[in-house]
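An overview of the molecular structure
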Amino acid sequence: LEGGGADDSVSYWLDFGDPTPAAPLNDPDNVWLIDEDFESGFGLFEDRTDATAWYQADPWTRRVELTVSAAAVPVTLTDQLVLVRHTDVALSTSAAADGADILFTDDSGAVLPHAIESWDPGSGTVTAWVRVPSLDAAVDTSLFMLYGAPAAPRQEAPREVWTGYRANWNLA
C-alpha cells in the first residue's frame, strides 16, 4: 500500500499470485497498480506486468480466479458451457446490487459470455452458466470472475450463452 499525495488519491498493489502479504514491489510480474480517486469513486487500472490486461475497461475492482481441474475433463472439449456456483462475502459487499457488473474472462482477458441463473446479494452467491472456448483434459483451465464496478452496464449475454440450443432444462 502506498500513501496518497496532494491529489487525494491512494495507490494499491494487488498481487493475484501468492496470497501472502508483502511490501510493494517495483514493476513485479502479475501485479496491477490501481489509483483510486476517492472523491469520484472511479479508479484507473495500470498494467504493471507488460502483459495482456485482465480487463482495462471501467473500474472492475475485484477479480477471483476459478479453476476447472483437468482431472474433471475426460477429453479436451471445445465451446462448452460451465456452471459456476460461487459464494464470497466480497461479492455481497462489492458487486452491484443486481449483479449486473459480474463479468467472466479467460486467462488472456477475453470476455466470456455468461447467463446468471441466480444471484443472492445478501450471501454473495452467484450461479451462472459461462460459455468457455476450451477445456483442456491435460491442463487446468483458469476462468476469472470480475465484479466491483457498480456503474457498469449489465454484462450478462444469455443469447450468446445459449446459441445453438432449442431448449434448456436445468434439473437438479
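Residues numbered from 1 in each chain as written. Predicted model: local features only at pLDDT ≥ 70, side-chain atom pairs only at ≥ 80, totals over all residues. Heavy atoms only, no water.

**Some details on the overall build of the protein**
Each helix and strand counted, the protein has two helices and ten strands in total. Reading the protein from its N end, one meets helices and strands in the order β-β-β-β-β-α-β-β-β-β-β-α. Evaluated residue by residue, the protein yields a buried proportion of 39% over its 172 residues. Summarising the internal contacts of the protein: among those between residues at least 6 apart in sequence, 63% fall at separations of at least 24. When the accessible surface of the protein is summed, it comes to about 10100 Å², and 51% of that surface belongs to carbon and sulfur atoms. (Helix = DSSP H or I, 4+ residues; strand = E, 2+ residues; numbered from the N terminus. Buried < 20%, exposed > 50% of the residue type's maximum accessible area, 1.4 Å probe, protein only. Contact = heavy atoms within 4.5 Å. Areas by Shrake-Rupley, 256 points an atom, 1.4 Å probe, with all protein chains shown as cover.)

**Notes on the packing of aromatic side chains**
For the coordinates displayed, the defined rule picks out one aromatic pair. Across the ring face of F144, the terminal group of R63 is positioned such that the distance to the ring centre comes to 4.2 Å. (Phe/Tyr/Trp six-rings, centres within 6.5 Å; stacked < 30°, edge-to-face > 60°. Lys NZ or Arg CZ within 6 Å of the ring centre and 35° of its normal.)

**Describing the sheet that holds strand 5 (residues 77–87)**
Hydrogen bonds between backbone groups are what pair the strands of a sheet, and the pairing can be parallel or antiparallel. Taken together, the three strands give an open sheet; going across it, the order is 5-9-8, and neighbouring strands pair in antiparallel fashion. Each having just a single partner strand, strand 5 and strand 8 (114–120) make up the two edges of the open sheet. Sheet twist, expressed as the average angle between the axes of neighbouring strands with direction ignored, equals 20°. Direction of pairing for strand 8 relative to strand 9 (residues 125–135): antiparallel, over a ladder of six bridges. Opposite H114, over in strand 9, you have V130 as the bridge partner. (Pairing = 2+ DSSP bridges. Axes fitted to C-alpha atoms, helices over the stretch in contact; angles between N-to-C directions.)

**Some words on the nonpolar core**
Residues L91, I102, F104, V126 and M145 are the most contacted members of the largest nonpolar core, which totals 21 residues. Those elements giving two or more residues to this core turn out to be strand 4 (62–68), strand 5, strand 8, strand 9 and strand 10 (141–147). Counting residues per element, this core draws most heavily on strand 9, at five residues. The contact partners of V126, leaving out residues within four places of it in the chain, are V84, R85, H86, L91, I102, I116, S118, W119 and M145. Membership of the second largest hydrophobic core comes to six residues, among which are W60, F144, A149 and A152. (Core = buried A, V, L, I, M, F, W, Y, C linked by side-chain atoms within 4.5 Å.)

Geometry only, nothing functional implied.
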